[in-house]
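In case you want the letters, here they are:
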Amino acid sequence: QVQLVESGGGLVQPGGSLRLSCAVSGSGFDFSDYAMSWYHQAPGKEREYVASIRSSGSTNYAASVKGRFTISRDNGKNTVYLQMDSLKPEDTAVYYCTAVPDLYYGTSSHAEFTYWGQGTQVTVSS
């Protein structure tokens, strides 16, 4: 079983920064073979895609965060990061980390093989 544990959330003022971390563990799990993503869900809204990083290191971002957020990974530490800068009140949400074998990323099997973390709260408010 694969386990994902997010950390780094909290309260920050508009214009501030936070860095989220997601540590992944599991028997027989090879982090370097997995595509990692971040999603967020604001109160009363659907869960939304934020960013992803493939096993190759290529990245992709939602239009709403492009230029403000940076996703990265450290394969030696089995950890993915989300650096969030120039935060806005509309970034307030629970942020979730996901892992899916890279070969299933974007395929019809993507959801079936995706693991989710428990989420970490990010609140942007003055």
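Residues numbered from 1 in each chain as written. Predicted model: local features only at pLDDT ≥ 70, side-chain atom pairs only at ≥ 80, totals over all residues. Heavy atoms only, no water.

1. Here's the deal with the pattern of salt bridges
Here comes step 1: Throughout the structure, instances matching the rule amount to two salt bridges.
Here comes step 2: Residues Asp102 and Arg54 are paired through a salt bridge, measuring 2.9 Å at the closest nitrogen-oxygen approach. Taken together, the positions of Asp102 in the loop between β9 (93-101) and β10 (115-116) and Arg54 in the loop between β5 (48-53) and β6 (59-61) put the pair 48 residues apart, joining distant regions of the chain.
Here comes step 3: According to the relative accessible area criterion, Arg54 is partly exposed, its value standing at 25%.
Here comes step 4: Asp91 is the partner of Arg68 in a salt bridge, and the nearest nitrogen-oxygen pair spans 2.8 Å. One end of the pair, Arg68, is in the loop between β6 and β7 (69-74); the other, Asp91, is in the loop between β8 (79-84) and β9, and 23 residues separate them in sequence.
Here comes step 5: According to the relative accessible area criterion, Arg68 is buried, its value standing at 11%.
Here comes step 6: Classification of Asp91 as buried rests on a relative accessible area of 3%. (Salt bridge = Lys/Arg side-chain N within 4 Å of Asp/Glu carboxyl O. Helix = DSSP H or I, 4+ residues; strand = E, 2+ residues; numbered from the N terminus. Buried < 20%, exposed > 50% of the residue type's maximum accessible area, 1.4 Å probe, protein only.)

2. Points about the sheet that holds β8
Here comes step 1: Spatially, four strands are ordered β1-β3-β8-β7 in an open sheet, and the strand pairing comes out antiparallel. Strands at the two margins of the open sheet, each flanked by one partner only, are β1 (2-7) and β7. The mean angle between the axes of side-by-side strands here comes to 15°, regardless of whether they run parallel or antiparallel.
Here comes step 2: Of the pairings in the sheet, the one linking β7 to β8 comprises six bridges and is antiparallel in character. Residue Ile71 lies in a different strand from β8, and its bridge partner there is Leu82. (Pairing = 2+ DSSP bridges. Axes fitted to C-alpha atoms, helices over the stretch in contact; angles between N-to-C directions.)

3. Details of the nonpolar core
Here comes step 1: Met36, Trp38, Val80, Leu82, Met84 and Tyr95 are the most contacted members of the largest nonpolar core, which has 31 residues in total.
Here comes step 2: Of all the secondary structure elements, the ones that give two or more residues to this core are β1, β3 (18-26), β4 (34-41), β5, β7, β8, β9 and β11 (120-124). (Core = buried A, V, L, I, M, F, W, Y, C linked by side-chain atoms within 4.5 Å.)

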